[in-house]
Structure formats: C-alpha cells, structure tokens
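So the chains spell out like this:
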Amino acid sequence: MATLISEQLATDPRVLQARDLLAVALRDHQSKLTGIKSTDPGRAMEYAKLITDFSYARAGGLYFPYLGSGMGHGALVELADGSVKYDFISGIGVHFLGHGNQQLLQSGISAALSDTVMQGNLQQNSESPIVVSLLLQLAKNAGSKLEHCFLTSSGAMANENALKLIFQHKPGSSRMLAFEHGFCGRTMALAQITDKPQYRAGLPTSLAVDYVPFFDATDPKGSIEKAVFAVRTHLGRYPGQHAAMCIELVLGEGGYWVGDHDFFIALLTELKANKVAIWFDEIQTFGRTGCPFAFEHFGLAAWPDVVTVGKLTQLCATLFTPELKPQPGLLSQTFTASASAIAAARVILKIMIQGDLFGPNGQNMRIHEMITRRLMAISARHPQLLRGPFGVGAMIAFTPLDGSEAKVKHVLRQLFDKGVIAFYAGSQPARIRMLPPVPVVTENDIETICHVLESTLLACAGS
Ligand SMILES: Cc1ncc(COP(=O)(O)O)c(C=O)c1O
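Residues numbered from 1 in each chain as written. Predicted model: local features only at pLDDT ≥ 70, side-chain atom pairs only at ≥ 80, totals over all residues. Heavy atoms only, no water.

Thoughts on the domain arrangement of the protein chain
In step 1: When cut into domains, the protein chain gives domain 1 (36–100 + 360–462) and domain 2 (113–354).
In step 2: Relative to domain 2, the C-alpha centre of domain 1 lies at a distance of 27 Å.
In step 3: Interface area, domain 1 with domain 2, both sides summed: about 2,000 Å², of which 59% is carbon and sulfur.
In step 4: Where domain 1 meets domain 2, there are one salt bridge.
In step 5: For Glu-253, the salt bridge is made with Arg-433, and the minimal N-O distance between the two is 2.7 Å.
In step 6: The interface formed by domain 1 and domain 2 contains twelve residue pairs in polar contact (both at pLDDT 80 or more).
In step 7: The set of elements that each furnish at least two residues to the side of domain 1 that touches domain 2 consists of helix H4 (90–93), helix H13 (363–381), strand E15 (386–392), strand E16 (395–400), strand E18 (423–425) and strand E19 (431–434).
In step 8: Class assignment of the residues belonging to the side of domain 1 that touches domain 2 gives a composition of 16 nonpolar, five polar and two charged. (Domains from an automatic or database assignment. Buried area = accessible area lost by both parts, 1.4 Å probe. Salt bridge = Lys/Arg side-chain N within 4 Å of Asp/Glu carboxyl O. Polar contact = N/O pair within 3.5 Å; in protein donor to acceptor, adjacent residues only side chain to side chain. Helix = DSSP H or I, 4+ residues; strand = E, 2+ residues; numbered from the N terminus. Nonpolar A, V, L, I, M, F, W, Y, C, P; charged D, E, K, R; others polar.)

Points about the packing of aromatic side chains
In step 1: Scanning all chains against the criterion turns up 18 aromatic pairs.
In step 2: Aromatic side chains Phe-215 and Phe-263 sit 5.4 Å apart centroid to centroid with 55° between the ring planes, which places their arrangement in the tilted category. Here Phe-215, found in the loop between strand E7 (208–212) and helix H9 (220–237), pairs with Phe-263, found in helix H10 (residues 261–273); they are 48 residues apart in sequence, far enough to count as distant. Exposure class is identical for Phe-215 and Phe-263. Each is buried.
In step 3: Through pairs of rings, three or more aromatic residues link up here, namely Phe-179, Phe-214, Phe-215, Phe-263, Phe-264 and Phe-298.
In step 4: Between Arg-431 and the ring centre of Trp-257, over which it is positioned, the NZ or CZ distance is 4.0 Å. (Phe/Tyr/Trp six-rings, centres within 6.5 Å; stacked < 30°, edge-to-face > 60°. Buried < 20%, exposed > 50% of the residue type's maximum accessible area, 1.4 Å probe, protein only. Lys NZ or Arg CZ within 6 Å of the ring centre and 35° of its normal.)

Topic: the side chain of Asp-281
In step 1: One can find Asp-281 in strand E11 (residues 277–282).
In step 2: One buried charge, Asp-281, has no salt-bridge partner; the nearest side chain with opposite charge is Lys-311, at 8.9 Å.
In step 3: A distance of 3.0 Å separates the side chain of Asp-281 from the side chain of Asn-159, its partner in a polar contact.
In step 4: Apart from the residues within four sequence positions on either side, Asp-281 is in contact with Asn-159, Phe-183, Cys-184, Cys-246, Ile-247, Glu-248 and Thr-308. (Lys, Arg positive; Asp, Glu negative; His and termini not counted. Contact = heavy atoms within 4.5 Å.)

This is the structure:
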C-alpha cells in the first residue's frame, strides 16, 4: 500500500519542525499571561468604538464587551483591549480545554494543512467517521441503544435533525412535550420548545408544545406526581399526537436545576407506555457530569431514542436508535463543520474516553467540589451574599444577593470588569453560572476567582 500524499505532507520534516516551532512560540508567549490584567488605557477608546460599531451592525449589543485578541492560556484569556480575564463560562461551555490549548493547536495545524476549510455532506475527510465512531463508542459504553450518529455544526441544527427524526418516526403526530423553563435553541421550531417568551416574541406558533414541570429537590414525591399528572393530562387531551418529549436532564439556561433518577424513571415509564419517543438534549450537559452522557450519570441508559450533543465537542451531533433511521433525503446539509472543528472534536472525545474526567473522583467532580466548597465558605461568612451552590459536575451556579435580574446583571458586569467572566441562568430568582475549563483549571485559579467574587459581591451588596 503506497503512502498517501497527505501522509507524506503530515510527516514532512519541514512540517514537523514548523509544528514544534509553533508549539514553542505559543508556550513562550502564553507564559506572559499569568493573571488578571486591566484594560490598556491606550486601547480603551478604540476598543469601545469597535464594540459600539459592532453592536450597531448586528442590531443588538453584546452581553459583555468581549472581543478576544486570539491569545489565551488555560483559564486565562486576553481581550483586544489588552485586559486579561479568567474565563469561567468558556463561551457557554465550548472551550472545555481552555484557551490556547497545545493539543488543539496541533489538531488545528493538521486541519489547516488539509485541503479545505469547511467539510460537508458531499465532501468529508476521513476524520468525520472517526468522530462519529468515538461518539458511538461512548454511547455504547454507556449501555444505550444509540447506533447512529449524524454530525452538524450547531446545537440548534442537531436538535432540528432530532425533531425531524422523531416526527418522521410517528407519522400524523404534531405535538411535542418539553419541560417548563427548558432551553432547546432558537430556530422557528425550537423557539417553541424553549420555554422563554422573549425568545419567541413575534414568531408564529410553528410547533405545538405542551410543558411539564421539572424536578423540585425540595419536594421529590410531589414533583413526580405533578410531572406525571401533567404528562397524562396532555396525552389525554391530544391522544396519539405527541411525537416525543425533549428532556434536559439538568436545566441549563433555565438555571442549573438538577434532575433525579426516580423522577425521570416515573416520567419515562409514562412516555414509553404511550409510545412517546424520548429525546435527551445533552447539548450543554455532555461531558460535564460524572459520566460522558448525563443520561448515564442519572442511570437512564436504556431509555433514550435520540440524544443530541454539542458545545464542548466543537461540532454537534444527533445520536439515535435504529428504529428512528430516517428515509433518504430527511437529513442533509452543505456544512458538517470546519476541518479544525472536526479535528478538535476528535481530540476532545479521545480525552473523554482516555482521560480522568469522569467517575466520583474524576476531574469534573473534583472541580465541582473545589468551587462549591469555596462558595459555601463565602455564604457561611456572609449569608446575605449568595444562596446555593447549585448544579452538578462542571455546571455550577449560585443565586447572588436578592436574585433579581437587575442585580445579577450588575454583579456579572462588575465581575467582568474585575477580570472574571461568568454568566446568568434562570429567572426569578436568576442565578450566576460557571462552566469552567475543567482539564486546565487549577486550584489557584479557583482560589483567585472566588476571592474576586467575594469582594465583588460585598461591593454590590453595599451599592
Ligand atoms: C440544552 C441546549 N440545547 C440546545 C442549545 C442550542 O445550541 P446552539 O446555541 O449551539 O444552537 C443550547 C445552547 O445553549 C442548550 O444549552
């Protein structure tokens, strides 16, 4: 068998030397990022204008005045205004390996040397089948019946594909079930499943959705009764009309409310008995609990018909059972993802398979413990500053001060200005959430950000 020309390029001594040089150059410059740094006054005006012009052009302001410089080091990121901040939201869960990761530099170099920028339906390189098989291996290891996997570039598209599989599988059905306060994305259809009125303001009702209350840890038995009652009521009102229930096992945008095994089993039993397909939306939870899939973490491997994943995987995917196999033509697209996203997905999935992320003593749980222990200590010192912590694994939240949206927004902006990036979740009360870059975050980073957090909360409580 002759060596492929692409393999010859990959092992060309000039390429190998260039790779090494790039790695060393990155390391050298990264070593200058050692902690929080404030804005360079010489850049402040130009930066502010850039933000203002960009906000105008996109017809809406940015949540934070964040424009990255393209340089980062682990949990630290440099912005184009010269400031350096701790990134504890990771682009809402995307930069799981932190900023300026050496392994991703190497996979990115391979991608840049490959022949195209974007890969898609008609032309994919041999990395896509590897990514698909890694995802399916994880699904198999979990004990699920998911045998197929279709890649795409966004969580919303993975969820749209899930919806199409689900409806094609149950011809004549027209409705969905979903959790109250759930989030599923913002396409015309998904904005109906997403239970947030602002996100569908002015849109026609493109999909009929009936909502079910989520688990309430203060009333486990009552939660089961309420959810099962709601499901029975909806199914009784529209017999045979519900194709599936979209289930977030931990409400993400809704506020990091964590579900429960018995609660889910009661609900899933009701759904299965009524031939309603079970769809776990793991766009946010995938890779962040005690297991690769949150359904595994909650002991639900036998149940899903469809599971969608995204964010930290860099590309997104819809995994499904053979029963949901689509008819030709249902799923297709020009773009699967960029060559660099596909190559990065492979790196990240390998870390998920071979690394130390999962299990009761894995990195996700260790980071959870380190952060929540400090949050509890702040709360013990100043009970008025925060309630919580909430969440699971590498999804951590707390309610600051009175939990009003205005206060949470204010605290987040103050934190940002002081060099820590977090984000809101939920409403009434709203929470502050963190999605730390688990494999690279250090105890020292956590110590620093909790220190900034405490002083910021104290200042905001007094203001
Ligand atoms: C649970 C869940 N589903 C779907 C989505 C939509 O993903 P995307 O923003 O990549 O379209 C998100 C994004 O936050 C999410 O958290």
